[in-house]
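# Structure assessment
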Amino acid sequence: GQQVMQIPQYQHVQEGEDFTTYCNSSTTLSNIQWYKQRPGGHPVFLIQLVKSGEVKKQKRLTFQFGEAKKNSSLHITATQTTDVGTYFCAGPTGGGNKLTFGTGTQLKVEL
Amino acid sequence: DAGVIQSPRHEVTEMGQEVTLRCKPISGHNSLFWYRQTMMRGLELLIYFNNNVPIDDSGMPEDRFSAKMPNASFSTLKIQPSEPRDSAVYFCASSHRVPTTEAFFGQGTRLTVV
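Owing to the predicted nature of the structure, the values given are computational and were not obtained by experimental measurement.

Bring the parts together and some accessible area is lost; that lost area is often taken as the interface size. Between chain A and chain B, the residue contacts involve 17 residues of the former and 21 residues of the latter. Regarding the contact of chain A and chain B, the summed buried area is about 1600 Å², with carbon and sulfur atoms giving 51% of it. Three residues, His42, Asn97 and Lys98 of chain A, lead the burial of chain A against chain B; their summed loss comes to 38% of the area buried on that side. At the surface where chain A touches chain B, the tally comes to one salt bridge. Close ionic contact of Lys98 of chain A with Asp56 of chain B constitutes a salt bridge, the shortest N to O distance being 3.0 Å. Applying the counting criterion to the chain A and chain B interface returns four residue pairs in polar contact (both at pLDDT 80 or more). Mapped onto the side of chain A that touches chain B, the elements with two or more residues apiece are β4 (32-37), β5 (44-49) and β10 (99-101) of chain A. Per-element tally for the side of chain A that touches chain B: the top contributor is β4 of chain A, with three residues. Taken together, the residues of the side of chain A that touches chain B sort by class into seven nonpolar, nine polar and one charged.

In structure tokens:
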């Protein structure tokens, strides 16, 4: 079936270092969404990208949607301890608005 | 709006018992999703509804799982009989279909089957 994979699965960084997670879909997506889940919490929507090659920024976070609309990335500049959590990409698969989540990247930030 | 409301927050039950999880979506949202989260399998979509109608239940593990949405403001996920491997966090989420498919999640129900 349709799959959405993310790499890496885990990432430990020192505070101040940059972080990137990559998302790849087996099929073309009409849009890609990114969510953050804090430890013990629930996924919270961050952003949605719709256009091929689109780049959006939220403060230290930069989101990119690939030209083929099958991959995406999230880059965090100068990580802080508040960035700790698991980052998921998600996209509508199988027609309609069936929202399939990626495998997630767990980020840990050490002082 | 109070957001998506799930109950109970925690449930501990014995193997073989029936478990019912409840969800109240955000008013006005017409799509509702049930997800299961485990360390091994991540966030799995179990079933989703559009306008109270089940659209895709291909993620439901087996016949022990069933979900209903009798009206726009309430949904249930039932497991009968429950098994230890059903232990997980179950999330309900709702969304508009337009202008965005952003999903709003509830706090989740942590289910432990012993």
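Attention now moves to unusual backbone geometry. Omega for the peptide link from Ile7 of chain A to Pro8 of chain A comes to -5°, which places this bond in the cis form. Note on placement: Pro8 of chain A falls in the loop between β1 (4-7) and β2 (10-14). That bond from Ser7 of chain B to Pro8 of chain B is cis: its omega, -10°, falls within 30 degrees of zero. As for its placement among the helices and strands, Pro8 of chain B is situated in the loop between β1 (5-7) and β2 (10-13). Not every positive phi belongs to a glycine, and Lys59 of chain A is a case in point at roughly 55°. You can call Lys59 of chain A exposed: its relative accessible area is 86%. Positive phi, normally seen in glycine, also occurs at Asn51 of chain B, with a value near 50°. Among the secondary structure elements, Asn51 of chain B is positioned in the loop between β5 (42-50) and β6 (53-56).

It is worth spelling out the pairing of strand β9 (residues 88-95) of chain B at this point. All names here are of chain B. Across the eight residues that make up β9, a large majority, eight, are buried. The alternating pattern of β9 places Ala88, Tyr90, Cys92 and Ser94 on one face and Val89, Phe91, Ala93 and Ser95 on the opposite face, and all of these are buried. Bridging between strand β4 (residues 31-38) and β9 involves seven bridges; their strand directions are antiparallel. Residue Trp34 lies in a different strand from β9, and its bridge partner there is Cys92. As paired strands, β9 and strand β11 (residues 109-113) are joined by three bridges and run antiparallel to one another. Across the sheet, Tyr90 pairs through a bridge with Thr109, a residue of β11.

Looking now at the pattern of salt bridges. Residue and element names in this part refer to chain B. Under the criterion given, the structure shown has 11 salt bridges over all chains. Here Glu44 and Arg41 are joined by a salt bridge, their closest N and O atoms 2.8 Å apart. A relative accessible area of 13% places Glu44 in the buried class. Looking at Arg41, the relative accessible area reads 58%, which means it is exposed. Among the ionic pairs, Arg64 bridges to Asp86, the shortest N-O distance being 2.6 Å. Of the two residues, Arg64 is situated in the loop between β6 and β7 (65-71) and Asp86 in the loop between β8 (74-79) and β9; the sequence distance between them amounts to 22 residues.

This brings us to the sheet that holds β1 of chain A. Residues and elements named next belong to chain A. Strand order in the open sheet made by the five strands is β1-β3-β8-β7-β6, with antiparallel pairing throughout. Two strands in the sheet have a free side with no partner beyond their single neighbour: β1 and β6 (55-58). Between one strand and the next, the sheet's axes are offset by a mean angle of 15°, whatever the strand orientation. Here four bridges tie β1 to strand β3 (residues 19-25), and the two strands are oriented antiparallel to one another.

The rules behind the values
Residues numbered from 1 in each chain as written. Chains lettered and ligands numbered in written order. Predicted model: local features only at pLDDT ≥ 70, side-chain atom pairs only at ≥ 80, totals over all residues. Heavy atoms only, no water. Contact = heavy atoms within 4.5 Å. Buried area = accessible area lost by both parts, 1.4 Å probe. Salt bridge = Lys/Arg side-chain N within 4 Å of Asp/Glu carboxyl O. Polar contact = N/O pair within 3.5 Å; in protein donor to acceptor, adjacent residues only side chain to side chain. Helix = DSSP H or I, 4+ residues; strand = E, 2+ residues; numbered from the N terminus. Nonpolar A, V, L, I, M, F, W, Y, C, P; charged D, E, K, R; others polar. Buried < 20%, exposed > 50% of the residue type's maximum accessible area, 1.4 Å probe, protein only. Pairing = 2+ DSSP bridges. Axes fitted to C-alpha atoms, helices over the stretch in contact; angles between N-to-C directions.

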